[in-house]
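# Per-entry structural report
Here's the letter readout for the chains.
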Amino acid sequence: MMIYLELFLTFFKVGLFTFGGGYAMLPMIREEVISHGWLSQSELIDFIAVSESTPGPFAVNIATFIGTRTGGIFGSLCATLGVVLPSFIVIMIVARFYQKFKSSRLVIGAMTGLKPAVVGLIAAALLSLSLTVFFPSGLTTEVFTTAQFYVSLGIFAAAVVLAFKKLHPIFIILLSAVAGVISGYLLAA
C-alpha cells in the first residue's frame, strides 16, 4: 500500500514543482525515479522514447508507464493522478484570478524569469539524456569505435534536420523507429 502513496506523492511533487511541460520535468523525473530505484538511467531513456511515441501528454505518459511498472494498474492511476492534479489545481486558481493580476509588475516579472529557467531545464534534460544515448558506457573514447554511436548520431542528425524542414513530429518519430529497427538488424548480422 505504501508504494501507491509514494508514487502519488512523488509525481505530485514533480507536477507541482516543475514548470514548462514534460521536457522541463525530465530532470526532476530522472532524479526521483532513479533515487527511488524504480528505473535505471537506461530504462528511463526507453520509457521516455515510448512516452514520446504514444499519444497524449509526455508527463502523463511517463508517469503512467512508471506507475504501471512499479505498482501495476493501481500504481499507474496513482502516478498519473499525482502528476496531473497540481496542474489542475494551479490552473483553476490562475484562471480565477488571472484577469485581475495579468498586468501586475510582479506577474510580468515572474513570467519573465520563468521563461529562461524552463529553457534551462529542457537543456539540462537534453544534455543528460544525450550523454546516456551517445555514451552509454560513460565518457570514454571507446564509444567512437562502435557502430551504435554513429547510427545514433545519424538518426539524431536526421531528426534535427527533418524538424527544421517542418516535417510533422509523428513522421520523424516513425522514421526514427524504422531506422532504429533496420540498423538493429544490420548491426546484429
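Right, let's walk through the structure included here. Quantities reported herein were computed from a predicted structural model and do not represent experimental measurements.

## Things to note about unusual backbone geometry
Most peptide bonds take the trans form, and the phi angle of most residues other than glycine is negative. Phi is positive for Lys166, close to 70 degrees, though the residue is something other than glycine. Note that Lys166 resides in the loop between helix H6 (147–164) and helix H7 (169–188).

## Concerning the nonpolar core
Counting residues in hydrophobic clusters, the biggest one holds 24 residues, and the most contacted among them are Phe11, Ile29, Val33, Ile62 and Ile66. Elements supplying a minimum of two residues to this core: helix H1 (2–17), helix H2 (22–35), helix H3 (41–53), helix H4 (58–101) and helix H5 (105–134). At 8 residues, the largest contribution of residues to this core is made by H4. Residues in contact with Val33, not counting those within four places in the same chain, are Phe11, Trp38, Leu39, Leu44 and Ile66.

## A short note on a nonpolar patch on the surface
Taken together, the side chains of Phe88, Ile89, Met92, Ile93, Phe97 and Phe101 define a hydrophobic patch exposed on the protein surface, amounting to about 600 Å² of accessible area. Here Ile93 is to be found in helix H4.

## Some thoughts on H5
Taking 1.5 Å of rise per residue, the 30 residues of H5 would be expected to cover 44 Å, and the 44 Å separating its terminal C-alpha atoms lies within 8% of that figure. When we look at burial in H5, the residues that qualify are Val118, Ala125, Ser128, Leu129, Ser130, Thr132 and Phe134. The opening residue of H5 is Ser104, an N-cap whose side-chain oxygen sits 3.1 Å from the backbone nitrogen of Leu106.

## Thoughts on the pattern of salt bridges
Throughout the structure, instances matching the rule amount to 2 salt bridges. Where Glu43 meets Arg69, a salt bridge forms, and the shortest distance between an N and an O atom there is 2.9 Å. Of this pair, Glu43 sits in helix H3 while Arg69 sits in helix H4, and the two are 26 residues apart along the sequence. The exposure class assigned to Glu43 is partly exposed, which follows from its relative accessible area of 27%. Overall, Arg69 belongs to the partly exposed group, its relative accessible area being 43%.

## A word on H3
Think of an α-helix as turning once every 3.6 residues; residues three or four places apart then point the same way. Helix length check: H3 (13 residues) gives 18 Å between terminal C-alpha atoms against 18 Å at 1.5 Å per residue, within 8%. Within the span of H3, buried status applies to Gln41, Leu44, Ile45, Phe47, Ile48 and Ser51. The buried residues of H3 occupy an angular sector of 165 degrees when the element is viewed end-on, so they sit on one face.

## A word on the environment of Asn61
Mapped onto the elements, Asn61 comes out in helix H4. In this structure the C-alpha to C-alpha distance between Asn61 and Ser76, which are 15 residues apart in sequence, comes to 9.6 Å. Once residues within four sequence positions are removed from consideration, Asn61 is found in contact with Ser51, Thr54, Pro55 and Gly56.

## Regarding the packing of aromatic side chains
For the structure on display, the rule yields 9 aromatic pairs. For the pair Phe134 and Phe149, a centre-to-centre distance of 6.2 Å together with 75 degrees between the ring planes defines the contact as edge-to-face. A residue pair is termed long-range when its members are at least 10 positions apart, and Phe134 in helix H5 and Phe149 in helix H6 qualify at 15 residues. The same class applies to Phe134 as to Phe149, namely buried. Between Phe135 and Phe149, the aromatic rings sit 5.9 Å apart at their centres with planes inclined by 45 degrees, giving tilted as the arrangement. Placement of Phe135 in the loop between H5 and H6 and of Phe149 in helix H6 is noted, with a sequence separation of 14 residues between them. By way of ring pairs, the aromatic residues Phe134, Phe135, Phe144, Phe149, Tyr150 and Phe156 are connected into one cluster. For the cation-ring pair, Arg96 lies above Phe97, with the distance from its terminal atom to the ring centre recorded as 5.7 Å.

The rules we used
- Residues numbered from 1 in each chain as written.
- Predicted model: local features only at pLDDT ≥ 70, side-chain atom pairs only at ≥ 80, totals over all residues.
- Heavy atoms only, no water.
- Helix = DSSP H or I, 4+ residues; strand = E, 2+ residues; numbered from the N terminus.
- Core = buried A, V, L, I, M, F, W, Y, C linked by side-chain atoms within 4.5 Å.
- Buried < 20%, exposed > 50% of the residue type's maximum accessible area, 1.4 Å probe, protein only.
- Contact = heavy atoms within 4.5 Å.
- Patch = residues over 30% accessible without salt bridge, like charges linked within 9 Å, V, L, I, M, F, W, Y side chains within 5 Å.
- Areas by Shrake-Rupley, 256 points an atom, 1.4 Å probe, with all protein chains shown as cover.
- Salt bridge = Lys/Arg side-chain N within 4 Å of Asp/Glu carboxyl O.
- Expected span 1.5 Å × (residues − 1).
- Polar contact = N/O pair within 3.5 Å; in protein donor to acceptor, adjacent residues only side chain to side chain.
- Arc of directions from axis to C-beta.
- Phe/Tyr/Trp six-rings, centres within 6.5 Å; stacked < 30°, edge-to-face > 60°.
- Lys NZ or Arg CZ within 6 Å of the ring centre and 35° of its normal.

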